[in-house]
Amino acid sequence: MVCAAVSAGISPEYIEKIHQVRLKPCIAETLDLNTVVNLINAVTQCLEGTVIAEKGDMYNLDAWRVRSILGRDFKYPESLGERNAIELAHHISFAGRKLITEP
Amino acid sequence: MNNDKSINMKTAVLLLRENPNQAPDPYRMEELKGLAAAAGYRVLAEITQRRGRDHRFQLGRGKIQEAMSYSPGRLIFYNPLSPGQVFNIRSEFSASTIDRFNLILEIFVSRASTRESKLQIEMAKLTYDAPLVRNAISMKKKGEQPGFGGSGAYDESMYQDIRSRIAKIKAALKDVESMGEDRRQRRRELGFDLVALAGYTNAGKSTLLNALTNAGVDAKDQPFTTLSPTTRALDLSGRRVLLTDTVGFIDDLPHFLIKAFRSTLSEISEADLVLLVADMSDSPEILRLKLAASHKALWDCGSQAPIITVLNKADRLEQGESLERLAMVRDLAPNPVLLSASTGLGFVDLMQLLHQKLQPLKEVQIKLPYTSEGMSELSRLYDRSEMLDVSYEDQMVVKLRGKEEVVTRALSSSAREL
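Cut-offs used in this document
- Residues numbered from 1 in each chain as written.
- Chains lettered and ligands numbered in written order.
- Predicted model: local features only at pLDDT ≥ 70, side-chain atom pairs only at ≥ 80, totals over all residues.
- Heavy atoms only, no water.
- Helix = DSSP H or I, 4+ residues; strand = E, 2+ residues; numbered from the N terminus.
- Buried < 20%, exposed > 50% of the residue type's maximum accessible area, 1.4 Å probe, protein only.
- Contact = heavy atoms within 4.5 Å.
- Areas by Shrake-Rupley, 256 points an atom, 1.4 Å probe, with all protein chains shown as cover.
- Lys, Arg positive; Asp, Glu negative; His and termini not counted.
- Charge placed at Lys NZ, Arg CZ, Asp CG, Glu CD.
- Rg over C-alpha atoms; globule rule 2.2 N^0.38 Å.
- Axes fitted to C-alpha atoms, helices over the stretch in contact; angles between N-to-C directions.
- Parallel < 35°, antiparallel > 145°, perpendicular 65-115°, else oblique.
- Nonpolar A, V, L, I, M, F, W, Y, C, P; charged D, E, K, R; others polar.
- Expected span 1.5 Å × (residues − 1).
- Buried area = accessible area lost by both parts, 1.4 Å probe.
- Salt bridge = Lys/Arg side-chain N within 4 Å of Asp/Glu carboxyl O.
- Polar contact = N/O pair within 3.5 Å; in protein donor to acceptor, adjacent residues only side chain to side chain.

Participant: Quick one: what's the story with the overall build of chain B, residue by residue and with numbers?
Facilitator: Looking only at helices and strands, chain B has 15 helices and 13 strands in total. Projecting the C-alpha coordinates of chain B onto the three principal axes gives extents of approximately 90 × 65 × 45 Å. By residue count, 49% of the 418 residues in chain B fall in the buried class. Contacts in chain B between residues far apart in sequence, at least 24 positions, make up 69% of those at least 6 positions apart. Only carbon and sulfur atoms are counted for the fraction: they give 50% of the accessible area of chain B, which is about 20400 Å². For chain B, the distance from the average site of its 57 positive side-chain charges to the average site of its 54 negative ones is 6 Å.

Participant: I'd like a description of the overall build of chain A, backed by residues and values.
Facilitator: Helix and strand counts for chain A come out as three helices and four strands. Going from the N terminus to the C terminus, chain A shows its helices and strands as β-β-α-β-α-β-α. For 103 residues, the compact-globule formula gives about 13 Å, and the C-alpha radius of gyration of chain A, at 13 Å, lands near that figure. The principal-axis extent of the C-alpha atoms belonging to chain A is close to 40 × 30 × 25 Å. Here chain A holds 103 residues, and the buried ones make up 38% of them. In chain A, once contacts between residues fewer than 6 apart in sequence are set aside, the share between residues at least 24 apart is 49%.

Participant: I'd like a description of the packing of helix H3 (residues 80-101) of chain A against helix H11 (residues 284-301) of chain B, backed by residues and values.
Facilitator: It is at 9 Å that the axes of H3 of chain A and H11 of chain B come closest, and there the two elements cross at 50 degrees. In terms of their interaxial angle, H3 of chain A and H11 of chain B are classed as oblique. Across the interface between the two elements, Leu80, Arg83, Asn84 and Glu87 of chain A from H3 of chain A touch Ala292, His295, Lys296, Leu298 and Trp299 of chain B from H11 of chain B. A per-class count over the contact of H3 of chain A with H11 of chain B returns four nonpolar, two polar and three charged.

Participant: Report on H11 of chain B, specifying residues and quantitative values.
Facilitator: All names here are of chain B. In a regular helix each residue adds 1.5 Å, so 18 residues correspond to 26 Å; H11 covers 25 Å between its end C-alpha atoms and thus fits that length. Among the residues of H11, those classed as buried are Pro284, Ile286, Leu287, Lys290, Leu291, Ala292, Ala293, Ser294, His295, Ala297, Leu298 and Cys301. Of the residues one or two after H11, Gly302 is the one with positive phi, at around 80 degrees.

Participant: Provide a residue-level description of the interface of chain B and chain A, including the pertinent values.
Facilitator: Counting residues at the interface gives 19 residues for chain B, matched by 13 residues for chain A. The contact between chain B and chain A buries some 1300 Å² in all, and 53% of this surface belongs to carbon and sulfur atoms. Ranking the residues of chain B by area buried against chain A places His295, Trp299 and Asp331 of chain B at the top, with a combined share of 40%. Put simply, chain B and chain A have two salt bridges between them. For the pair chain B and chain A, the interface holds three residue pairs in polar contact (both at pLDDT 80 or more).

Next up, the structure:
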């Protein structure tokens, strides 16, 4: 699998500025919460700000529980700007995976 | 008189199951109470239980027995019920049972007045019922023997009838949708800016439409008063704007209900600007929750237009309190305006912001010949744009200001006729 992180400044409606994009490929036997959390921690290392991920990616846990597991500020997407940023990360990770897996 | 009325009212007990892994949310029960009142129910009791899902009754047997002790006309569950659970509750407790989705549909059915909204509601209901009917058929067919006593082809055809009715309604709604798209395009060509009023249910969208345009549309303090879009013209210091009131959003609205109301919601996705109305008198947590639900609905609509957040009912708060509340929802409120539709507070700010955010008008100079086509084009431009100057030389030289669509059409017709 491929994890993509987009470091961006966002307004309630739009992505204002993209600071950095990171991709991290990973091979794992199971996709449990620990694997996801380790991957997120690795890919967001040294990036400032709040981590935003989709609820399904974090096994529908409450945001405060994910915050305590990750050990940094975390929230689920609420505004259109946050949803735009997540959609962008999805496209990037999908394209990255395609680049790696397809000959 | 009031006593007679309360005796004739339908009665209900509200039930809510909270997930033990998630934080309690008192707003859910409040919302269910508001919906029940809007559907005309007198609430006898509110029962909440914190536990995992019971596969037979959704809640524990004891809680349902407690609800039945009030002798209600109906049990209303916040959580979605499976067909099996409805069957079990009906057969064990002889209680009429609905869930939140069916309660919303009940409100919609009682308020629907146009053919479009009736079709949308029928489609939502059939889409919801189809898998339940399929499930009921498969349960009935279990252990079926060949020959007499079997459910046969009749039950199967019931499911097919539902599917074909859904297909017919879809086709009818597609026509309505394309009519709406044509109408919007025509309005744009006529030089109108399209502005949609969107927001959580009971935020005051219809009241704002009435206050801005003297529309006289039905506006009440209850959820889902508006089910069909209503459009009225607004003169914005020379700019011609069409304001459209739309159906309100609600949290956890099933996706197929959004699909059924797509033609109504397309007014939002195709607008040039969206006025996102929110009720500022709600507590900060609920205001955040409602704004987040509105953002989700706008995302589902595919809206790309700029947004102005109208924080309505600001007159109910002190100035300092309003600003404090605004700071708490800043990340969910693009271009916020504090406003009161009932007192007129903040209207000047809203008008200024509308001017700023609407696409700027273009200024061009064109030449038209002294032919009948040239004259009719000039007449059309007088109707659809702001004429800055017309001079009659060897040709008519027209200087105008208007929307991009109007200007582009004027330029192409000028080039064609010369």
